[in-house]
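# Examination of the molecular architecture
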Amino acid sequence: MKFYSLPTEIMIRRFDNVAIKCLVIMVLTVFSIANTYSQDQLIDSDADGIPDQYEVEGSSWDGLPLYEWGARPGVKDIFIEIDYMDPYGPDGDYDRGLVPMESALIYIGAIFQDFADSFKDLPNGELYSVKLHFDVGDLYDQSPGTNPERFDLGGGNQVSYAHTVSLDGSADKDVIADYYNNPLYFDPNRKKIFHYMLFANKTPNGGSGQALYRGPVSTVTLGQLHVSGLTLRSRQAKTIIHELGHNLGLRHTPTVGKDFSIVYFSVMNYYYLFKGYFSGANKTALSNGEIILQAPHCEPTMVVGPVNADGPGGWFFSTISMVSLDENYFSEFLIDADCNGVIDSSSYFTMDLDGDGELTYQTGSNDYENLYFYFSDPNRALAEDSELALELAMPPF
């Protein structure tokens, strides 16, 4: 059995919450105003797992005021509680990689909102109406009550430090279930609608995170990552969405078993998660700042100019499906295959671009058409029965 100690301020907040809940229960009992519905009455028109009745002003779903926290009918709302390990760890040295950056969460929200706004008037525009609601508790908002604008939905805790955490119960490692199933950290009542994400130090394989495929739990493990603040923001944002993407039913490429693809423009794809786009703005031939997509075998030093880690214009999930590439014979209209920093559509190549030892046909995919909303699936697997989305054992970026 493992015992965890909580910071004093969290313990005080927990006891305060108990008192508040008792008072609310008394009020509801006296005035009999609780809004309850039978299963037959519930309607989830946007298929996000939240009944429409609990996405309207004044509603509360078993104590969860989801409307107050931003849920709306017609929007696919995804709630994620992020707990984070004690950033001072065992030796007292502060590790900022263990703490979710507010700027990263703001950036994620802006990208999803931009896509929702861009597609809303187009056919199937409702597919892109996806909104993420993060909860890091009092990390950025210490005022009483909740504040969705500062990612405070009343949860989100600092948890005890562990050097390594796994999702699969690896020997001699802390297991994510120890946090997910600890009511002092994660309110069991939230398990019906909240994803749970833990910012931790390391995974057993040294990757940047782990997730349950089509499940509710994930980790982001960027501990001891000594990079600039802007780079850390990008890496946190991309890793958060990559691991959450596995929860939402996305794999690394449209082809099961493959981890790299040139024409799958998604943060799920290791090629874009780890390498990204490169800008050749300092090259004479690219003086207009054109974005160059380079083949995986090209060394970064071959490109003059800064790495644009967030992609051109910002993106996370792919919206492009009608694109393909045949490694047996392709031109440079898509990719700089000879690593000279120039896209020359008159040059043709035969090349194993994804390094899998085969010359294959690669296709794109629209991630939004394939999103799986765990809480809307009546036949969903329990967290402990969900499939682990295995990550490659490589540096996070």
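Each remark here, short or long, concerns the structure printed above.
Residues numbered from 1 in each chain as written. Predicted model: local features only at pLDDT ≥ 70, side-chain atom pairs only at ≥ 80, totals over all residues. Heavy atoms only, no water.

## Side note on empty space enclosed by the protein
Following the criterion strictly, the structure yields two cavities of 30 Å³ or more and no others. By volume, the largest cavity is sized at about 50 Å³. Residue lining of the largest cavity: D48, D77, I78, F79, I193, H195, F373, Y374 and F375, and that is the complete set. Among the elements that make up the lining of the largest cavity, the one with the highest residue count is strand β1 (residues 76–85) (three residues). (1 Å grid on protein atoms, 1.4 Å probe; cavity = no way out; pocket = protein on both sides within 12 Å on 5 of 7 lines; lining within 4 Å. Points joined across faces, edges and corners; volume = space filled by probe spheres on them. Helix = DSSP H or I, 4+ residues; strand = E, 2+ residues; numbered from the N terminus.)

## Some details on the layout of surface pockets
Here the second largest pocket defines a volume of roughly 420 Å³. For the second largest pocket, the lining is made up of 18 residues, of which K131, L132, P148, E149 and F151 are closest to its centre. Within the residue set of the lining of the second largest pocket, elements represented by two or more residues are α2 (102–119) and β2 (130–135). By residue class, the composition of the lining of the second largest pocket is 11 nonpolar, four polar and three charged. (Nonpolar A, V, L, I, M, F, W, Y, C, P; charged D, E, K, R; others polar.)

## Overview of the pattern of salt bridges
Inspection of every chain in the model, using the stated rule, returns seven salt bridges. Its salt-bridge partner being K192, residue D62 comes within 2.8 Å of it at the nearest N-O pair. One end of the pair, D62, is in the loop between α1 (8–31) and β1; the other, K192, is in the loop between α3 (177–180) and β6 (194–200), and 130 residues separate them in sequence. We classify D62 as exposed; its relative accessible area is 54%. For K192, a relative accessible area of 18% puts it in the buried group. Residue K258 pairs with D354 through a salt bridge whose shortest N-O separation is 3.9 Å. Here K258, found in the loop between α4 (229–247) and α5 (270–275), pairs with D354, found in the loop between β14 (348–349) and β15 (361–366); they are 96 residues apart in sequence, far enough to count as distant. Residues joined by salt bridges that share partners form a network here, namely E81, D135 and R190. (Salt bridge = Lys/Arg side-chain N within 4 Å of Asp/Glu carboxyl O. Buried < 20%, exposed > 50% of the residue type's maximum accessible area, 1.4 Å probe, protein only.)

## Topic: the environment of P73
Considering the arrangement of structural elements, one finds P73 in the loop between α1 and β1. In contact with P73, not counting residues within four places along its chain, are D46, E55 and V56. (Contact = heavy atoms within 4.5 Å.)

## Looking at the packing of aromatic side chains
Aromatic ring pairs: the centre-centre distance and the angle between the two ring planes describe each pair. Evaluated as defined, the whole model comprises 20 aromatic pairs. Note on F115 and Y368: the rings are 6.2 Å apart at their centroids and 25° apart in plane angle, and the pair reads as stacked. With F115 in helix α2 and Y368 in the loop between β15 and β16 (387–389), the pair connects residues that are 253 residues apart, well separated along the chain. The two residues F115 and Y368 agree in class, both being buried. Note on F330 and F349: the rings are 6.1 Å apart at their centroids and 35° apart in plane angle, and the pair reads as tilted. Taken together, the residues span a long stretch of sequence, with F330 in strand β13 (residues 330–331) and F349 in strand β14 at a distance of 19 residues. Of the two residues examined, F330 and F349, each falls in the buried class. Taken together, the ring pairs connect Y107, F112, F115, F119, Y128, F316, F317 and Y368 into an aromatic cluster. A cation over an aromatic ring shows up here: R233 above the ring of Y107, its NZ or CZ 4.2 Å from the ring centre. The aromatic ring of Y213 is capped on one face by R251, whose charged end is 3.9 Å from the ring centroid. (Phe/Tyr/Trp six-rings, centres within 6.5 Å; stacked < 30°, edge-to-face > 60°. Lys NZ or Arg CZ within 6 Å of the ring centre and 35° of its normal.)

## Thoughts on α4
Its 19 residues give α4 an end-to-end C-alpha distance of 27 Å, which sits within 8% of 27 Å, the value for a rise of 1.5 Å per residue. For α4, the buried fraction is high: 16 of the 19 residues fall into the buried class. Directly after α4, the chain includes G249, whose backbone phi takes a positive value near 90°. (Expected span 1.5 Å × (residues − 1).)

## Examining the pairing of strand β8 (residues 217–221)
Along a regular strand, successive side chains alternate from one face of the sheet to the other. Among the five residues in β8, five count as buried, and that is most of the element. Judged by which residues are buried, β8 turns out to be covered on both faces: V217, T219 and T221 on one side and S218 and V220 on the other are all buried. One ladder, built from five bridges, connects β6 with β8; its direction is parallel. Bridge assignment links A200 to a residue of β8, and that residue is T221. As paired elements, strand β7 (residues 209–213) and β8 share three bridges and run antiparallel to each other. Each residue of the ladder has a partner; that of Q210, found in β8, is T219. (Pairing = 2+ DSSP bridges.)

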